[in-house]
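Listed below, chain by chain, are the residues.
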Amino acid sequence: MSGRRGVLAMALAAGAAKGAAAQPGWPDRPVRVVVPFPPGGSNDIVARLLCEVLRERTGQPWVVENRSGAGGNVGADSVAKAAPDGTTLLLTAPGPLTINNALFPSMPYVAERDFAPLALVATVPIVLMVGPETPVRDVAGLIALAKAQPGRIAFGSSGNGSTNHLAGELFRSMAGIDIVHVPYRGAAPAMTDLVGGQIGMMFDNLPAVLPQVRDGRVKALAVAGARRAAALPEVPTLAEAGLAGFAAEAWFGLAGPAAMPAALRARVEGLVTEALSDAGLRAKLAATGAEPGALAGDAFGRFMAQERATWTRVIQASGAQAG
């Protein structure tokens, strides 16, 4: 009998804990997480993995909404102008928060003014790839081909202002080559054209491209970050391949409207930090080549300020433009 009472007590305690996690105040209704790029890309993958854990932990739906356009500005602007009640959040790659204000001639928002930084969710390596029809085996071969055919090799990206766009611009500048940028409405359609031979090369985030690399549909020539990717240990960095000092990495961060109350921000930051410590989520992120983030609130805000400064220098040096 006492054993049954013990089991019942544990069940009630578990139920109370679950109820407490879902309770005070927020979230007491569904949370809409805007991804400002199309489905199928790294941003979308990371958002859905995180939202799955947050649904389990809060007992409320966390719904991913893809709103693409203008390098992520369309979706980001919808969040900047949303009610600051925590029911509409932005989970985005760097562009809308740290790049686009320097890249686009006019913007519907000012990132550092109109968003509340909440959490760095994940970081991911960027990979330089060529399509199956591009006759090169390494970075030196690609640079030689581009120099022999100035203006004829096109590189795709997930849109103007994306980190894979600017990684391409940095590559153009540091390698001293003439390549043509082709922006897409997201990474997935760009990858389709890379596999199909419509474009010759592309930088993209590892989580979205790992299946195509492993299947041999595209060739990974280099990783753009400071170190090799654990998921592709045989692929050198661009620095190792001859472009010393080349460093570009993608990340995904959560933000809300700037007017979100401090207590609500803290609640969101705490939930996301707890979710990122979940062993299952960490394993799923690792399987895609991503690493969980470890910054929240003001620390994430300072990180974004550094990113704005870095990418503004790249934009100015390369002459990159939106459009």
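Keep in mind that what you see is a predicted model, and the values were worked out from it rather than measured.

**Some words on the pattern of salt bridges**
- For the structure shown, the criterion picks out 15 salt bridges.
- A salt bridge links arginine 57 to glutamate 274; the shortest N-O distance between them is 4.0 Å. Taken together, the residues span a long stretch of sequence, with arginine 57 in helix α2 (residues 42-58) and glutamate 274 in helix α10 (residues 262-276) at a distance of 217 residues.
- The partly exposed category is assigned to arginine 57, whose relative accessible area is 28%.
- Measuring nitrogen to oxygen at the nearest pair gives 3.6 Å for the salt bridge that ties arginine 57 to aspartate 278. Placement of arginine 57 in helix α2 and of aspartate 278 in the loop between α10 and α11 (279-288) is noted, with a sequence separation of 221 residues between them.
- It is possible to trace a salt-bridge network through shared partners that takes in Asp28, Arg29 and Asp85.

**A look at α2**
- Between the first and last C-alpha of α2 there are 24 Å, a value that for 17 residues agrees with the 24 Å anticipated at 1.5 Å per step.
- Of the residues making up α2, those classed as buried are Ser42, Asn43, Asp44, Val46, Ala47, Leu49, Leu50, Cys51, Val53, Leu54 and Thr58.
- After α2 finishes, the residue glycine 59 shows a positive phi value of roughly 75°.

**Looking at the pairing of strand β6 (residues 180-183)**
- Judged from the four bridges that link them, strand β5 (residues 154-157) and β6 form a sheet pairing that is parallel. Along β6, the bridge assignment pairs phenylalanine 155 with histidine 181.

**Considerations on the side chain of threonine 237**
- Relative to the helices and strands, threonine 237 resides in the loop between β8 (219-223) and β9 (249-257).
- For threonine 237, a relative accessible area of 3% translates into the label buried.
- Apart from the residues lying within four places of it in its own chain, the contact partners of threonine 237 are Ala222, Val223, Gly225, Ala226, Arg227 and Arg228.

**Focus on the packing of helix α7 (residues 163-175) against helix α12 (residues 297-318)**
- At a minimum axis separation of 10 Å, α7 and α12 run at an interaxial angle of 50°. On the basis of the axis angle, α7 is oblique to α12. Regarding α7 and α12, the two cross each other, and that crossing is left-handed. Where α7 abuts α12, its residues Thr163, Leu166, Glu169 and Leu170 lie against Trp311, Val314, Ile315 and Ser318.

Criteria and cut-off values
- Residues numbered from 1 in each chain as written.
- Predicted model: local features only at pLDDT ≥ 70, side-chain atom pairs only at ≥ 80, totals over all residues.
- Heavy atoms only, no water.
- Salt bridge = Lys/Arg side-chain N within 4 Å of Asp/Glu carboxyl O.
- Helix = DSSP H or I, 4+ residues; strand = E, 2+ residues; numbered from the N terminus.
- Buried < 20%, exposed > 50% of the residue type's maximum accessible area, 1.4 Å probe, protein only.
- Expected span 1.5 Å × (residues − 1).
- Pairing = 2+ DSSP bridges.
- Contact = heavy atoms within 4.5 Å.
- Axes fitted to C-alpha atoms, helices over the stretch in contact; angles between N-to-C directions.
- Parallel < 35°, antiparallel > 145°, perpendicular 65-115°, else oblique.
- Left-handed = near helix turned anticlockwise from the far one by under 90°.

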